[in-house]
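The residues making up each chain are set out below.
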Amino acid sequence: AEFTMKQYINYILNTKEEAPFYLFERDYIIKFPNILNDYEIPKYFSSNNLPTTDLFRVLGDDRPDHHWLIVGPANSGSIFHIDPNQTNAWNACIKGRKKWIFYPPNVTPPGIETSRDGGDVTIPITIGEWLLTFWKFHQKCRNDSDISRRPLEIIVSPGDVIFVPHNYWHMVINLDD
């Protein structure tokens, strides 16, 4: 969809949808180059401190998209997924709070079905559907006798930075606008 940021902000302020649109803007650095002056990569994630696991860096400008500005109103977010290409990620919260739920790589979240090779994934349509249908199963997983199989939950607030390790199932729901 093509729209201006002003149109999207108006949408955020007026939406009453159960599953509001969650904006992923991959070209924000091109569209808003001055934003680079507003933050710096946390030292833990700078190329000086990372092992040489970022194999995509050899592709230079041809690497897959890896910078995103993600914006959304309360109740928007992303349903369970594993980030592609064995990538790790970090996410800085600018405004509002976000609830994250992580499942370790060896545990598939309730309600998520994968093919044997992981190539096909069947998930609920919305975060709300997952919460209504599978929350009680998730609560049981929180008490698994094997703590390495338990999901992790965290609420991040403005100024917090969270690390998303590769191969972890994760979902996020925005708690505030």
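Residues numbered from 1 in each chain as written. Predicted model: local features only at pLDDT ≥ 70, side-chain atom pairs only at ≥ 80, totals over all residues. Heavy atoms only, no water.

Chemist: Is there a simple way to explain the overall build of the chain in this structure?
Modeler: Helices and strands together make up the secondary structure of the chain, namely three helices and 10 strands. For the chain, the C-alpha radius of gyration of 17 Å lies close to 16 Å, the compact-globule estimate for 177 residues. A principal-axis box enclosing the C-alpha atoms of the chain has dimensions of 50 × 45 × 30 Å. When the accessible surface of the chain is totalled, it reaches about 12100 Å², and 54% of it is carbon and sulfur. One finds the centroid of the 17 positive side-chain charges in the chain at a distance of 7 Å from the centroid of its 22 negative side-chain charges. (Helix = DSSP H or I, 4+ residues; strand = E, 2+ residues; numbered from the N terminus. Rg over C-alpha atoms; globule rule 2.2 N^0.38 Å. Areas by Shrake-Rupley, 256 points an atom, 1.4 Å probe, with all protein chains shown as cover. Lys, Arg positive; Asp, Glu negative; His and termini not counted. Charge placed at Lys NZ, Arg CZ, Asp CG, Glu CD.)

Chemist: What's the story with helix H3 (residues 127-141) in this structure? I'm lost.
Modeler: At 3.6 residues per turn, the α-helix brings residues three or four places apart onto the same side. Taking 1.5 Å of rise per residue, the 15 residues of H3 would be expected to cover 21 Å, yet its terminal C-alpha atoms sit only 18 Å apart, more than 12% below that figure. Residue Phe134 marks the point of greatest curvature in H3, where the axis turns by about 65 degrees. Those residues of H3 not exposed but buried are Ile127, Trp130, Phe134 and His138. Contact partners of the buried residues in H3: strand E3 (77-81), strand E5 (98-103), strand E8 (152-156) and strand E10 (169-174). (Expected span 1.5 Å × (residues − 1). Bend = angle between axes of the 7 residues up to and from the residue. Buried < 20%, exposed > 50% of the residue type's maximum accessible area, 1.4 Å probe, protein only. Contact = heavy atoms within 4.5 Å.)

Chemist: How should I be thinking about the side chain of Asn91 in this particular structure?
Modeler: Mapped onto the fold, Asn91 is located in strand E4 (residues 89-92). The contact partners of Asn91, leaving out residues within four places of it in the chain, are Ile70, Trp100, Asp160, Val161 and Ile162.

Chemist: Would you mind showing me how to read the nonpolar core here?
Modeler: Inside soluble globular proteins, nonpolar side chains tend to come together where they are buried. Core analysis: the largest hydrophobic core is formed by 12 residues, namely Ile79, Phe80, Ile101, Tyr103, Val107, Ile112, Ile127, Trp130, Phe134, Trp169, Met171 and Ile173. Elements that contribute at least two residues to this core include exactly E3, E5, H3 and E10. In this view, Ile127 contacts Ser76, Gly77, Ser78, Ile79, Met171, Val172 and Ile173; residues no more than four positions away in its chain are not counted. Trp100, Phe102, Ile162 and Val172 belong to the second-largest nonpolar core, a separate cluster that totals eight residues. (Core = buried A, V, L, I, M, F, W, Y, C linked by side-chain atoms within 4.5 Å.)

Chemist: Help me out: how do you make sense of the layout of surface pockets in this one?
Modeler: Think of a ball as big as a water molecule: rolled over the atoms, this probe shows where empty space is left. In this model, the second largest pocket occupies a volume close to 360 Å³. Together, 14 residues line the second largest pocket, and Ala1, Phe3, Leu23, Glu25 and Lys31 are the ones closest to its centre. When residues in the lining of the second largest pocket are grouped by element, the largest group, three residues, is from strand E1 (residues 23-25). (1 Å grid on protein atoms, 1.4 Å probe; cavity = no way out; pocket = protein on both sides within 12 Å on 5 of 7 lines; lining within 4 Å. Points joined across faces, edges and corners; volume = space filled by probe spheres on them.)

Chemist: Just checking my understanding: could you explain a nonpolar patch on the surface for this structure?
Modeler: A surface patch of nonpolar side chains, amounting to about 500 Å² of accessible area, comprises Leu36, Tyr39, Ile41, Trp90, Val161 and Phe163. Summarising the element assignment, Val161 is placed in strand E9 (residues 161-164). (Patch = residues over 30% accessible without salt bridge, like charges linked within 9 Å, V, L, I, M, F, W, Y side chains within 5 Å. Salt bridge = Lys/Arg side-chain N within 4 Å of Asp/Glu carboxyl O.)

Chemist: Help me understand the sheet that holds E3, please; the structure alone is not making it clear to me.
Modeler: Across a sheet, paired strands are connected by hydrogen bonds in the backbone, their directions being either parallel or antiparallel. Overall, antiparallel pairing links the four strands, which are arranged E3-E10-E5-E8 in an open sheet. Here the strands that pair on one side only, and so sit at the sheet edges, are E3 and E8. Across the sheet, the axes of successive neighbouring strands diverge by a mean angle of 15 degrees, strand direction being ignored. Pairing between E3 and E10: three bridges, direction antiparallel. Bridge pairing in E10 places His81 opposite His170. (Pairing = 2+ DSSP bridges. Axes fitted to C-alpha atoms, helices over the stretch in contact; angles between N-to-C directions.)

Chemist: Where do I start with the environment of Val172 in this structure?
Modeler: Topologically, Val172 is positioned in strand E10. The class of Val172 is buried, set by a relative accessible area of 4%. Residues Val172 and Ile41 lie 131 residues apart in sequence; the distance between their C-alpha atoms is 22 Å. Once you skip the residues sitting within four places of it in the chain, Val172 turns out to touch Tyr22, Ser76, Gly77, Ser78, Lys98, Lys99, Trp100 and Ile127.

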